[in-house]
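# What the coordinates show
Each chain, letter by letter, is given below.
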Amino acid sequence: MAKRRPCMRFDKLGWRAGLTLVLVAAGLTSSGLPAQSAVGVAAADGTYRFVTKLAIGEPGQAGSTSCSGALVAPQWVITAKSCFGSADLASGPPPRPTTATVGRTSLSSSTGSVVAVDRLVPHPGRNVVLARLVSPVNDDIMPIRIASTAPRYGQVLRVAGYGRTATEWVPDRMHTAQFTVDWWNDQTATTFEVKGRVPANATVCKGDAGGPAFREHGGGPELVAINSSSWQAGCIGETETRPGAVDLRVDDLADWVRGTIVDFPLGEGSVYREPWGTISVVAGGAPIWFDSVDEIGATGYPTSWTAVPNGTFGLLPTAPRDGTVVANPQGGVFVFAGGAKVWFAYPQEITDTGYGPERVVLPARYLDGVSDVPRDGTVVANPQGGVWVFAGGAKVWFAYPQEITDTGYGPQRVVLPARYLDGVSDVPRDGTMVMNPQGHVYLIVGGAKKPFHTWDEIVESGYADAPLTTLPSRYIDSLPTVASD
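Residues numbered from 1 in each chain as written. Predicted model: local features only at pLDDT ≥ 70, side-chain atom pairs only at ≥ 80, totals over all residues. Heavy atoms only, no water.

When its secondary structure is counted, the protein shows nine helices and 30 strands. Computed over its C-alpha atoms, the radius of gyration of the protein comes to 24 Å, within 12% of the 23 Å expected for a compact globule of 485 residues. Taking the principal axes of the C-alpha coordinates as reference, the protein spans close to 70 × 60 × 35 Å. Burial statistics for the protein: of 485 residues in total, 53% are counted as buried. Looking at the protein as shown, the accessible area adds up to about 20,400 Å², and 54% of this sits on carbon and sulfur atoms. The centroid of the 39 positive side-chain charges in the protein is displaced by 4 Å from the centroid of its 45 negative side-chain charges. (Helix = DSSP H or I, 4+ residues; strand = E, 2+ residues; numbered from the N terminus. Rg over C-alpha atoms; globule rule 2.2 N^0.38 Å. Buried < 20%, exposed > 50% of the residue type's maximum accessible area, 1.4 Å probe, protein only. Areas by Shrake-Rupley, 256 points an atom, 1.4 Å probe, with all protein chains shown as cover. Lys, Arg positive; Asp, Glu negative; His and termini not counted. Charge placed at Lys NZ, Arg CZ, Asp CG, Glu CD.)

Right under this line is the structure:
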């Protein structure tokens, strides 16, 4: 099938319909063989310990199968619903006895945990299920955090699983490989194609269904998707030669995962402790950790706290929600916007921007490390009603309400002091990627716009992972095409 390449326009980026890959969603064989391994390389001992092998049914018996998954909390694994054999899978105990092996790169080793699954919670509209373990895994196995941004064409993801390889029906060891994100394959934008990168012939085989596809960042791995289907080229027992596979997005399911697992309230300004020792105060729905008991006392909280299950903090946002007002122990007051803190210079600014007296005191150490510039795509307003969006550290003004609608932003915005906004540049920094509502993408260089003509051009230029912010056509049209000296 020939691949369609977008040219000039970038709306509905890379969407494509009509893909007919072989589903390798496990649970469909009666031979006792595993059902959906990234044919890549054997994973090194002790790496990617959140990757999980699921044994479904009695090994060697008709209908038994296996899948892969990812530990997202000490007692929960995310995987493919189809691993359990039914598109209308109901919440409750698994239809067949299921065991999860976690934190064990080699299945014949004694590391990690082997735990039975006692409950399944399927997603109502996607081939995704959460599997609850009868008890938490060992404390030294860290769950993977769910990503907060969507995959994009050209980005690199790592895939891992316990499925078949080119030479083994039932491998003892997890295998892993790097894949590149290719095109969306349906109009709902919940699935996307991937192709092998390192090694180039990497693929996804039976036994890999539900296995994780994740970004590798300095802050730790982020779960973007799970394995869904594949041509299985190069897998043992297969004659298909077409490469590639399809992954199913989970980056947009964080709220569903959180709501399923964290089924108790977390009060603003309350202090909580996980059994393995982390102590945090909740601000704007995010846990802000203390690095010592002395720091708890310095921020004015009592040295007592409410216990929550291990892994609770890893499921929560990493920064307070927009509009959260906080203070440091010295009395400085800030509001969060796009992951950044914005300082109020005097009490009248708090009143002018419409915030009340409620605030959560956070450690000075934490606030000192938070950026002062909202992330790209954050929509803000001043007390007089002007509205802007941040891009490349600069603010871009919306001239009228229709421009906000045309660029796809909703009604949510954070009111910031006029003094602060007046001091923010109106020109995005060099290297900022922006897009107009018609889908044309540009790079900002020296205050000028440089157009990209294809997505491959963006990838080849090294901007596959760069933020992309939609800005009003009026603003982009006003930018020069030649950089200033």
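Take the sheet that holds strand β18 (residues 306-307) next. Strand pairing in a sheet relies on backbone hydrogen bonds, with the paired strands running either antiparallel or parallel. The sheet built from four strands is open, its strands ordered β17-β16-β15-β18 with mixed pairing. Each edge of the sheet is formed by a strand with only one pairing partner; in this case those strands are β17 (286-289) and β18. Here strand β15 (residues 271-273) pairs with β18 via two bridges, running parallel. By the bridge assignment, R273 is partnered in β18 with A307. (Pairing = 2+ DSSP bridges.)

This next bit is on the packing of aromatic side chains. To describe a pair of aromatic rings, you give the distance between the ring centres and the angle between the ring planes. Tallied over the full model, the rule gives eight aromatic pairs. Where Y48 meets F50, the ring centres are 6.4 Å apart and the plane angle is 70°; that geometry is what we call edge-to-face. Its relative accessible area of 5% is what places F50 among the buried residues. An aromatic cluster of three or more residues is present, and its members are Y48, F50 and F214. Positioned above the aromatic ring of W289 is the side chain of R365, whose terminal nitrogen or guanidinium carbon lies 4.1 Å from the ring centre. (Phe/Tyr/Trp six-rings, centres within 6.5 Å; stacked < 30°, edge-to-face > 60°. Lys NZ or Arg CZ within 6 Å of the ring centre and 35° of its normal.)

A few words on the pattern of salt bridges. Under the defined criterion, the tally for this structure stands at 14 salt bridges. Measuring nitrogen to oxygen at the nearest pair gives 3.5 Å for the salt bridge that ties R365 to D291. Highlighted residues: R365 in helix α5 (residues 364-368) and D291 in the loop between β17 and α2 (293-298), separated in sequence by 74 residues. On the accessibility criterion, R365 (28% relative accessible area) is partly exposed. D291 gets classed as partly exposed once you look at its relative accessible area, which sits at 44%. As a salt-bridge pair, E403 and R474 come within 2.7 Å of each other at their nearest N and O atoms. With E403 in helix α6 (residues 401-406) and R474 in helix α9 (residues 473-478), this pair connects stretches of sequence that are 71 residues apart. With a relative accessible area of 32%, R474 lands in the partly exposed category. (Salt bridge = Lys/Arg side-chain N within 4 Å of Asp/Glu carboxyl O.)

Across two bridges, the pairing between strand β9 (residues 156-161) and strand β12 (residues 212-217) is antiparallel. Looking across to β12, one finds that R158 is bridged to F214. By the bridge criterion, six bridges tie β12 to strand β13 (residues 220-230) in an arrangement that is antiparallel. Looking at the pairing, F214 lines up with L223 of β13. Hairpin connection between β12 and β13: a loop of two residues separates the two successive antiparallel strands.

Before going further, it helps to examine the state of the cysteines. If you walk through the whole model with that rule in mind, you get two disulfides. One disulfide bridge connects C67 with C83, the sulfur atoms lying 2.1 Å from each other. Between C67 and C83, the S-S torsion sits near -105°, and that sign places the bridge as left-handed. With C67 in strand β3 (residues 65-73) and C83 in the loop between β4 (76-79) and β5 (98-102), this residue pair connects regions lying 16 residues apart in the sequence. Since its relative accessible area comes to 0%, C67 is described here as buried. (Disulfide = S-S within 2.5 Å.)

In terms of nonpolar packing, the biggest core is built from 55 residues, with V72, I78, L130 and V257 touching the most fellow members. Beyond its immediate stretch of four places on either side in the chain, I78 contacts G69, A70, V72, V128, V129, L130, G210, L223, V250 and V257. (Core = buried A, V, L, I, M, F, W, Y, C linked by side-chain atoms within 4.5 Å. Contact = heavy atoms within 4.5 Å.)

What follows covers the environment of S64. Residue position: S64 is located in the loop between β2 (51-56) and β3. For S64 and F264, which are 200 residues apart along the polypeptide, the C-alpha to C-alpha distance reads 36 Å.

Further remarks concern the pairing of β17. Working note: regular strand, side chains alternate between the two faces of the sheet. Note that strand β16 (residues 279-283) and β17 share four bridges and pair antiparallel. Looking across to β17, one finds that V281 is bridged to I288. Between the end of β16 and the start of β17, which pair antiparallel, lie two residues, with G284 showing a positive phi angle near 60°.

Moving on: the confidence of the model for the protein. Residues with a pLDDT of 70 or more make up 91% of the protein, whose mean pLDDT is 87. In the model, residues 1-36 has pLDDT below 50 throughout and makes 128 contacts with residues more than four positions away in sequence or in other chains. (pLDDT = per-residue confidence, 0-100.)

Around the barrel, six strands lie side by side as β2-β3-β4-β7-β6-β5; this closed barrel has antiparallel pairing. For this sheet, the mean angle separating the axes of adjacent strands, direction not counted, is 40°. Where β4 and strand β7 (residues 129-133) come together, four bridges link them in antiparallel fashion. When the sheet's bridge partners are listed, V77 is paired in β7 with A131. Helix α1 (residues 254-261) contacts β3, β4, β6 (113-122) and β7 of the sheet and is inclined by roughly 30° relative to β7. (Axes fitted to C-alpha atoms, helices over the stretch in contact; angles between N-to-C directions.)

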